[in-house]
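# Working through the structure, step by step
Here's the letter readout for the chains.
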Amino acid sequence: MLSVKNISFSYSGFLAIDGISFDVKEGEVLAILGESGSGKSTLLKLIYGVLDVDFGLISWKNQEILGPKNKLIAGPEFMKYVAQEFDLMPFTSVAENIGAHLSGFYPLEKKQRTDELLDVVGLSKFAAINVQFLSGGQKQRVALAKALARAPEVILLDEPFSHIDSFKKRPLRRRIFKYLKSKKIACLVATHDKNDVLSFADNILVIQEGRSLASAPPELLFKNPQHPSVAAFFSEYSCVDGDIYYAHQIKLASKGPFKARVVKSYFKGGKFLVEAAYKGGALFIEHNIYIAPGTLVFFSLDKSA
Ligand code: ADP
Ligand code: MG
């Protein structure tokens, strides 16, 4: 188990991580969800041992993970870290970058392993291409494959899909998380995008300004966000009489109990997102047709929707 106990860290006086605790079991995926600047990258760097904690303790299987004060080379043997700014060997082929950390003693096994990883990240066709000629998203996929090459016990992924277009992202995410599960690799994945993790994480930790805001399995967190900042990650939401409702939980009705005035209808593909004014605040309603600004509408609330 990876155990993070009440850790804090400051960048010369600026408190970036403030008393965070969590556990990740073998083979589990923990998503660290937070907006830009919330401390996700700092948290991963502390866990990898690139930075020293000011307070608290980080351990894997009861063995403390040491920071740069006590360990010259960051990164325990069993852990891999794919940084937001991934570094690769630009003048070397995709296959060689991935195979760089595999033993060359058994060439056939090395080739099979490299091919398997190329397949996971969808780069089989690019095996022989030099990395310098790849797009940002392709480089990011090489970095992922490289980190997975020796099947670490723990992998830390910092915004791993950020450079990859949404068209390629969905199948890639499915393959990566399937691979992690099949090899029982524990994973911490930092992201600001719920789509990266909602279907794949065992637990989600939401952080804000270096503090833990919520922590729960995806379905529980979605159904019971507790805090507007948590709901904001999942969908458009509104606060009605002190409670949080997603846009799909508010229904337009022919009669009361609530009344609002439409401000604008946004086309969302299959549906419209209707913005309305209610008690001086904004209300967001999912609806199947366009409603003109200024229209007076009635709505009801349905948490079970
Ligand atoms: P995230 O990855 O969630 O975007 P970071 O961990 O990169 O957040 O940053 C958290 C906070 O720490 C931000 O306010 C950022 O400006 C600050 N920060 C990050 N790196 C440094 C640094 N090297 N020196 C000073 N402040 C930093
Ligand atoms: Mg970051």
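Right above here is the structure, for reference.
Computed from a predicted model, the values in this text were never measured in an experiment. (Residues numbered from 1 in each chain as written. Chains lettered and ligands numbered in written order. Predicted model: local features only at pLDDT ≥ 70, side-chain atom pairs only at ≥ 80, totals over all residues. Heavy atoms only, no water.)

We now examine the overall build of the protein. Assigned secondary structure in the protein consists of 8 helices and 17 strands. Taken along the three principal axes of its C-alpha coordinates, the protein extends 75 × 45 × 30 Å. Residues classed as buried in the protein amount to 47% of the 305 residues present. Considering only intrachain contacts with a sequence separation of at least 6, the fraction spanning at least 24 residues in the protein is 62%. Of the accessible surface of the protein, which amounts to about 15700 Å², a share of 54% is contributed by carbon and sulfur atoms. Of the charged side chains in the protein, 38 are positive and 31 negative; the average position of the first set lies 6 Å away from that of the second. (Helix = DSSP H or I, 4+ residues; strand = E, 2+ residues; numbered from the N terminus. Buried < 20%, exposed > 50% of the residue type's maximum accessible area, 1.4 Å probe, protein only. Contact = heavy atoms within 4.5 Å. Areas by Shrake-Rupley, 256 points an atom, 1.4 Å probe, with all protein chains shown as cover. Lys, Arg positive; Asp, Glu negative; His and termini not counted. Charge placed at Lys NZ, Arg CZ, Asp CG, Glu CD.)

This paragraph deals with the side chain of Asp158. With respect to the helices, strands and loops of the structure, Asp158 is situated in strand E7 (residues 154-158). Of the side chains with opposite charge, Lys45 comes closest to the buried, unpaired Asp158, at an N-O distance of 6.2 Å. Of note is the side chain of Asp158, whose polar atom sits 2.6 Å from the side chain of Ser41. (Salt bridge = Lys/Arg side-chain N within 4 Å of Asp/Glu carboxyl O. Polar contact = N/O pair within 3.5 Å; in protein donor to acceptor, adjacent residues only side chain to side chain.)

Looking now at the site of ligand 1. Around ligand 1 lies a shell formed by Tyr11, Phe14, Ala16, Glu35, Ser36, Gly37, Ser38, Gly39, Lys40, Ser41 and Thr42. Gly37 is positioned such that a nitrogen or oxygen atom in its backbone is 2.7 Å from an oxygen atom of ligand 1. A distance of 3.2 Å separates an oxygen atom of ligand 1 from a polar atom in the backbone of Ser38. If ligand 1 stood free it would expose 560 Å²; the protein chains cover 59% of that surface. Listing elements by their share of the shell around ligand 1, those giving two or more residues are strand E2 (14-24) and helix H1 (40-48). With 3 residues, H1 is the largest single contributor of residues to the shell around ligand 1. (Near = heavy atom within 4 Å.)

The next subject is the coordination of the magnesium ion (ligand 2). Only Ser41 (OG) and Gln84 (OE1) from the protein reach the magnesium ion (ligand 2) as donors, at distances of 2.0 to 2.4 Å. With Ser41 in helix H1 and Gln84 in the loop between strand E6 (79-82) and helix H2 (94-99), the pair connects residues that are 43 residues apart, well separated along the chain. Accessibility expressed as a relative area gives 19% for Ser41, which makes it buried. (Donors = N, O, S within 2.8 Å, 3.2 Å for Na, K, Ca; no water.)

Before going further, it helps to spend a moment on the sheet that holds strand E13 (residues 250-253). Pairing in this open sheet of 5 strands is antiparallel, and the strands run E13-E17-E14-E15-E16 from one edge to the other. Of all the strands in the sheet, the pair left with one neighbour each is E13 and strand E16 (281-287). Looking at each pair of strands side by side, their axes are set apart by 50° on average, direction ignored. Alignment of strand E15 (residues 272-278) against E16, held across 7 bridges, turns out to be antiparallel. Each residue of the ladder has a partner; that of Leu273, found in E16, is Glu286. (Pairing = 2+ DSSP bridges. Axes fitted to C-alpha atoms, helices over the stretch in contact; angles between N-to-C directions.)

A word on helix H3 (residues 107-120). With 14 residues, H3 should cover 20 Å at 1.5 Å per step; its first-to-last C-alpha distance of 20 Å lies within 8% of that length. Along H3, the residues that are buried comprise Arg113, Thr114, Leu117, Leu118 and Val120. Buried residues of H3 fall within an arc of 155° about the axis and therefore sit on the same side. Of the residues in H3, the exposed ones pointing more than 90 degrees away from the buried face are Leu108 and Lys111. Of the residues flanking the end of H3, it is Gly122, one or two places downstream, whose phi is positive at about 70°. (Expected span 1.5 Å × (residues − 1). Arc of directions from axis to C-beta.)

Turning to the pairing of strand E8 (residues 186-191), a few remarks are in order. In terms of burial, E8 is a largely internal element, 6 of the 6 residues being buried. Pairing of strand E3 (residues 29-33) with E8 involves 5 bridges; the strand directions are parallel. Opposite Leu33, over in E8, you have Thr191 as the bridge partner. In terms of strand pairing, E7 meets E8 through 5 bridges, oriented parallel. Note on E8: the bridge partner recorded for Val154 is Ala186. You can see the chain leave E7, run along helix H5 (residues 166-182) and come back into E8, and the turn it takes is right-handed. (Right-handed = clockwise from strand over helix to strand, strands pointing away.)

Moving on, we get to helix H4 (residues 136-148). The first and last C-alpha atoms of H4 sit 19 Å apart over 13 residues, in line with the 18 Å expected at 1.5 Å per residue. Of all the 13 residues making up H4, 11 are buried; the element is thus mostly covered by neighbouring parts of the structure. The complete set of buried residues in H4 reads Gly137, Gln138, Gln140, Arg141, Val142, Ala143, Leu144, Ala145, Lys146, Ala147 and Leu148. Of the surrounding secondary structure, the elements contacted by the buried residues of H4 are E6, H2, H3, E7 and H5.

With their axes 9 Å apart at the nearest point, H3 and H5 run at an angle of 135° to one another. Considering their axes alone, H3 and H5 lie oblique with respect to each other. When H3 is examined against H5, the residues Arg113, Glu116, Leu117, Asp119 and Val120 are found in contact with a partner set consisting of Leu172, Arg175, Ile176 and Tyr179. Of the residues in the contact of H3 with H5, the class split is 5 nonpolar, no polar and 4 charged. (Parallel < 35°, antiparallel > 145°, perpendicular 65-115°, else oblique. Nonpolar A, V, L, I, M, F, W, Y, C, P; charged D, E, K, R; others polar.)

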